[in-house]
Amino acid sequence: MAVIGTDITRAQILLDAGELVAIPTETVYGLACNALNAVAAAKVFAVKERPAFNPLIVHVPDMRHASLYVSAVPEKAKVLAENFWPGPLTLVLKKKSLIPDLVSAGLDTVGIRCPDHPLTRKLLETLAYPLAAPSANPFGYVSPTAATHVNDQLGSKIEYILDGGISSIGLESTIIGFEDDVPVVYRLGGLSLKPIQKLIGQVTLMLHSSSNPSSPGQLKSHYSPIKPLVTGNIKTLIEQHYGRRVGVLSFKDNYYMDHQFILSANGSLSEAARNLFSALRKFDEMDIDIILAEYVPDTGLGLAINDRLSRASVNRR
């Protein structure tokens, strides 16, 4: 298994050598490599078993560093970065040739963001290159929100996990690109649409792509637990699956089942977002046949939570 610790120097030495290190962010843990090193990036795809057509997100400490790797920044992108970086926002921008085609999956754009985690920000500030870092989990599985989650899934394949505690948001970043200067949301995430639209006006949603995504996080089947998951009205689902060993994932109500997880007893969407991926992982450890889940209110962070539940319920088998 990997070593878990807070040694930034050790992480830097490994990254400098072209190795992989798991890093904490406010969204989820990432599997990081030198974003300018195509050989290192290939290791990320191999360890995650991630298809090469799915691009990686590049992490930088600030917009000044981002400008080293992108060729153009639309005015609305600048406004968003000024207001939401560091934070759970990825901007898809025209890339410079410094970024290997493998990292961008052959696209002429790259997803780039500035994470809001003190340990990872300190690491980024010590490096002479940005970090490419998709979520630190096997491709398609539930994203990790703790160092132990990473170790459980990838600990035998990487040497070091930088431990930054539990991810404070628990959902991946919101991804926005610009097509003919029109802002397009490619993935709903930890930054809600309302504050975005308040700054730059209406946005277009383009959330799914079956095989050739414009950004990470667009594949229809994703973020899935091992156990099958169905969504709907919990009481109806319990009746439909009578006699089976079920786990119940509810927003705030207690259904008094032997295996259940309440995302937020007080109805907080922020708390529900933080708990979602951890809850799905816990169900995979339980002696159950199926997970019965309900959608949360479809507003604010609830849009991103419901997006994850919808993708997790796609039949992959």
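All figures in this text were calculated on a predicted structure; none of them were measured in a lab. (Residues numbered from 1 in each chain as written. Predicted model: local features only at pLDDT ≥ 70, side-chain atom pairs only at ≥ 80, totals over all residues. Heavy atoms only, no water.)

Enquirer: I'd love a proper account of the overall build of the protein, names of residues and values included.
Expert: The secondary structure content of the protein amounts to ten helices and 15 strands. Sorting the 317 residues of the protein into buried and exposed places 57% on the buried side. Long-range pairs, those at least 24 residues apart, make up 68% of the contacts in the protein with a sequence separation of at least 6. In the form shown here, the protein has an accessible surface area of approximately 13000 Å², with 51% of it arising from carbon and sulfur atoms. (Helix = DSSP H or I, 4+ residues; strand = E, 2+ residues; numbered from the N terminus. Buried < 20%, exposed > 50% of the residue type's maximum accessible area, 1.4 Å probe, protein only. Contact = heavy atoms within 4.5 Å. Areas by Shrake-Rupley, 256 points an atom, 1.4 Å probe, with all protein chains shown as cover.)

Enquirer: Help me get a handle on the side chain of Asn137, residues and values and all.
Expert: Mapped onto the elements of the fold, Asn137 is located in the loop between strand S7 (131-132) and helix H6 (147-154). Note on Asn137: relative accessible area 1%, which makes it buried. Reaching out from Asn137, the side chain makes a polar contact with the side chain of Ser135 at a distance of 2.5 Å. Engagement of the side chain of Asn137 in a polar contact is seen with the backbone oxygen of Tyr141, the distance being 2.9 Å. (Polar contact = N/O pair within 3.5 Å; in protein donor to acceptor, adjacent residues only side chain to side chain.)

Enquirer: So what about the side chain of Arg187? Which residues, and what values?
Expert: Structurally, the position occupied by Arg187 is in strand S10 (residues 182-187). Here Arg187 occupies a buried position and makes no salt bridge, while the nearest side chain of opposite charge, Glu172, is found at 5.3 Å. Only 2.9 Å separates the side chain of Arg187 from the backbone oxygen of Ser173, close enough to count as a polar contact. (Lys, Arg positive; Asp, Glu negative; His and termini not counted. Salt bridge = Lys/Arg side-chain N within 4 Å of Asp/Glu carboxyl O.)

Enquirer: I'd like a rundown of the packing of helix H9 (residues 269-285) against helix H10 (residues 301-312), residues and numbers included.
Expert: Between H9 and H10, the least distance of the axes is 9 Å, while the angle of their chain directions is 25 degrees. Relative to H10, the element H9 lies roughly parallel. Seen along the crossing, H9 lies across H10 with a hand that is left-handed. For the pair H9 and H10, contact is made by Leu269, Ser270, Ala272, Ala273, Leu276 and Phe277 and by Leu301, Gly302, Ile305, Arg308 and Leu309, respectively. When the residues that make up the contact of H9 with H10 are grouped by side-chain class, the tally is eight nonpolar, two polar and one charged. (Axes fitted to C-alpha atoms, helices over the stretch in contact; angles between N-to-C directions. Parallel < 35°, antiparallel > 145°, perpendicular 65-115°, else oblique. Left-handed = near helix turned anticlockwise from the far one by under 90°. Nonpolar A, V, L, I, M, F, W, Y, C, P; charged D, E, K, R; others polar.)

Enquirer: Before we move on, could you go through the sheet that holds strand S5 (residues 89-94) and cite the residues and values that matter?
Expert: The strand order S1-S8-S2-S3-S7-S4-S6-S5-S9-S10-S11 describes an open sheet built from eleven strands, whose pairing is mixed. With one partner strand each, in any of the chains shown, strand S1 (3-5) and strand S11 (204-205) form the two edges of the open sheet. Two elements, S1 and strand S8 (residues 160-162), share three bridges in a ladder whose sense is parallel. In the strand pairing of S8, Ile4 is matched with Ile161. (Pairing = 2+ DSSP bridges.)

Enquirer: Any chance you could break down the pairing of strand S9 (residues 174-179) for me, citing the residues and the numbers?
Expert: In regular strands, side chains alternate between the two faces of the sheet. Of all six residues in S9, five are buried; the element is thus mostly enclosed. Note that S5 and S9 share three bridges and pair parallel. In the strand pairing of S9, Leu89 is matched with Thr174. Two strands pair when backbone bridges link them, and S9 and S10 are joined in this way by five bridges, in the antiparallel orientation.

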